[in-house]
Amino acid sequence: MKTCTVKQWESIKKLIDLNKVHFKEVKFSELPKEAINIGYEQAAYGDWSYYVLPDGSFVCTYYSIGD
């Protein structure tokens, strides 16, 4: 897994209409090495991490405090 910089993310956002993007939830272990982390969201009982895959699809993982 890789993480993009803020500058890279700003460039990516210009290419993607995020209002039309749908994320599919997957297990962290299912992410390919080439997945790029594009952000995360913290919640009261867990966190979501968002990735773009080499094929251009978007996925998220969820980590629950109870896990």
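Residues numbered from 1 in each chain as written. Predicted model: local features only at pLDDT ≥ 70, side-chain atom pairs only at ≥ 80, totals over all residues. Heavy atoms only, no water.

A. Representation of the pairing of strand β4 (residues 46-52) in the model. For β4, a buried count of five out of seven residues is recorded, marking the element as mostly surrounded by other parts of the structure. Sheet topology note: the strand β3 (residues 36-43)/β4 ladder contains seven bridges and is antiparallel. Considered in β4, the bridge of E41 is made with W48. Adjacent in sequence and paired antiparallel, β3 and β4 are bridged by two residues. What sits between the antiparallel neighbours β4 and strand β5 (residues 58-64) is a turn of five residues, in which G56 has the positive phi angle 95°. (Buried < 20%, exposed > 50% of the residue type's maximum accessible area, 1.4 Å probe, protein only. Helix = DSSP H or I, 4+ residues; strand = E, 2+ residues; numbered from the N terminus. Pairing = 2+ DSSP bridges.)

B. Representation of the nonpolar core. With eight residues, the main nonpolar core is built from C4, W9, V21, I38, Y50, V52, F58 and C60. For this core, the secondary-structure elements that each account for two or more residues are β4 and β5. In contact with V52, other than residues within four places in its own chain, are A35, I36, I38, S57 and F58. Counting residues in each nonpolar core, the second largest holds six residues, with L31, A35, Y51 and L53 among its members. (Core = buried A, V, L, I, M, F, W, Y, C linked by side-chain atoms within 4.5 Å. Contact = heavy atoms within 4.5 Å.)

In short, the description is geometric, and any link to function would need to be established separately.
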